[in-house]
Amino acid sequence: MSIIEPPIDVLLEEADNDRFLLCTLASKRAHDINDMMRGQRDRAIALQTAVEIARAADTKPLTMAFNEIARHDVSYNPESIDVHNH
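Quantities reported herein were computed from a predicted structural model and do not represent experimental measurements.

**Section: the overall build of the protein chain**
Phase 1 of the analysis: The secondary structure content of the protein chain amounts to four helices and zero strands.
Phase 2 of the analysis: Beginning at the N terminus, the succession of helices and strands in the protein chain can be written as α-α-α-α.
Phase 3 of the analysis: Classification of the 86 residues of the protein chain by burial places 22% in the buried group.
Phase 4 of the analysis: Taking contacts inside the protein chain between residues at least 6 apart in sequence as the whole, the part at least 24 apart equals 68%.
Phase 5 of the analysis: Here the protein chain has roughly 6600 Å² of accessible surface; of this, 53% comes from carbon and sulfur atoms.

Shown next as structure tokens:
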């Protein structure tokens, strides 16, 4: 499996060329997106609207996270990361 869009070079630039930081940013954001989508799915099932269920299941959370990182929608505070003890 490989990342084609957005290009890995763009993603790495957003994470200071640190692939482990990129992985952490993407996984944390994907987790948040998954939680949000689960809530929407539960709400859609309660309202019985199939359109909302289909819309929520259209794109995978990790893909959404990588796209948000490439668009500069996800950021981090470099001062909050202890690079010596991780």
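**Focus: unusual backbone geometry**
Phase 1 of the analysis: A positive phi angle, close to 55 degrees, is found at Asp-16, a residue other than glycine.
Phase 2 of the analysis: Residue Asp-16 is classed as exposed on the basis of its relative accessible area, which comes to 52%.
Phase 3 of the analysis: Phi is positive for Asn-17, which is not a glycine, with a value near 55 degrees.
Phase 4 of the analysis: As for its placement among the helices and strands, Asn-17 is situated in the loop between α1 (8-14) and α2 (19-47).

Calculation rules
- Residues numbered from 1 in each chain as written.
- Predicted model: local features only at pLDDT ≥ 70, side-chain atom pairs only at ≥ 80, totals over all residues.
- Heavy atoms only, no water.
- Helix = DSSP H or I, 4+ residues; strand = E, 2+ residues; numbered from the N terminus.
- Buried < 20%, exposed > 50% of the residue type's maximum accessible area, 1.4 Å probe, protein only.
- Contact = heavy atoms within 4.5 Å.
- Areas by Shrake-Rupley, 256 points an atom, 1.4 Å probe, with all protein chains shown as cover.

In short, the description is geometric, and any link to function would need to be established separately.
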